[in-house]
Amino acid sequence: MTADDPISRLDDDGYPAYTMGRAADMLGTTQGFLRALGEARLITPLRSEGGHRRYSRYQLRIAARARELVDQGAPIEAACRIIILEDQLEEAQRINAEYRRNAEPAAR
């Protein structure tokens, strides 16, 4: 298999391998829910040459988290905001940990 082989890309979390219908089935939700996540700019699916939405595994994990929050009673807009804030917090914690690691040799 070569790098251009579509089968080898299936291991890539960012590869848009799933149609909207398949993604909705996998998540146990509706296509409208996925459209709403796109409208809220939580996820932006790639488009096929024919204009159909295609989702990656990474995007499906985000959509699954949104569904979890909506199932718990959060409005979709709030669920999207929570996920964005969770992502920002995780990134800030990663950066802080990196700063701490870099500062340790200087403190010695």
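Residue indices follow the written sequence of each chain, beginning from 1 at its first position. Selection of residues for local features in this predicted model requires a pLDDT of at least 70, selection of side-chain atom pairs for listing and counting requires 80 or more, and totals for whole chains, interfaces and linings are taken over all residues. Values reported for side chains reflect all heavy atoms of the structure, with hydrogen atoms and water molecules removed beforehand.

A. Main features of helix H3 (residues 57-71). In a regular helix each residue adds 1.5 Å, so 15 residues correspond to 21 Å; H3 covers 21 Å between its end C-alpha atoms and thus fits that length. Here's how the labels work: a residue is buried when its accessible area is under 20% of the maximum for its type, exposed when over 50%, partly exposed in between, all with a 1.4 Å probe on protein chains only. Strands here are runs of E lasting at least two residues and helices are runs of H or I lasting at least four, both read from the DSSP assignment and numbered beginning at the N terminus. Turning to H3, its buried residues number three or more, namely Gln59, Leu60, Ile62, Ala63, Ala66 and Leu69. Looking one or two residues past H3, Gly73 carries a phi angle of roughly 110 degrees, positive in sign. Take the number of residues in a helix, subtract one, and multiply by 1.5 Å to get its expected span.

B. Expanded view of the nonpolar core. Side-chain atoms within 4.5 Å are what join buried Ala, Val, Leu, Ile, Met, Phe, Trp, Tyr and Cys residues into a set we call a nonpolar core. Ranked by internal contacts, the top residues of the largest apolar core, which has 19 residues, are Leu34, Leu37, Leu42, Ile43 and Tyr55. With five residues, the single largest contributor to this core is H3.

C. The packing of helix H1 (residues 20-27) against helix H2 (residues 31-39), seen in detail. Throughout, an axis means a line fitted to C-alpha atoms (over the contacting stretch in the case of helices), and angles, computed between N-to-C directions, take values from 0 to 180 degrees. Here H1 crosses H2 at 105 degrees, and the two axes come no closer than 8 Å. By the angle between their axes, H1 is roughly perpendicular relative to H2. Facing Met20, Gly21, Ala23, Ala24 and Leu27 of H1, the residues of H2 in contact are Gln31, Leu34 and Arg35. Classes in brief: Ala, Val, Leu, Ile, Met, Phe, Trp, Tyr, Cys and Pro nonpolar; Asp, Glu, Lys and Arg charged; the others, Gly included, polar. In terms of residue class, the contact of H1 with H2 is built from five nonpolar, two polar and one charged. Angle categories are assigned with fixed cut-offs, so that under 35 degrees is roughly parallel, over 145 is roughly antiparallel, 65 to 115 is roughly perpendicular, and the rest are oblique. Throughout, a contact is declared for two residues whenever any of their heavy atoms are within 4.5 Å.

D. Representation of the layout of surface pockets in the model. Cavity and pocket criteria rest on a 1 Å grid covering protein atoms alone: a 1.4 Å probe that fits but cannot get out defines a cavity, protein on both sides within 12 Å along at least 5 of 7 lines defines an open pocket, and an atom within 4 Å of a point defines a lining residue. Grid points are joined across faces, edges and corners, and a volume is the space filled by probe spheres set on the points. Taken as a whole, the largest pocket spans an internal volume of roughly 200 Å³. Residue lining of the largest pocket: Arg41, Leu42, Tyr58, Arg61, Ile62, Arg65, Ile83, Ile84, Glu86 and Asp87, and that is the complete set. Of all the elements in the fold, those that place two or more residues in the lining of the largest pocket are H3 and helix H4 (76-107). Residue composition of the lining of the largest pocket, by class: five nonpolar, no polar and five charged.

Remember, this is a structural readout, not a statement about activity or role.
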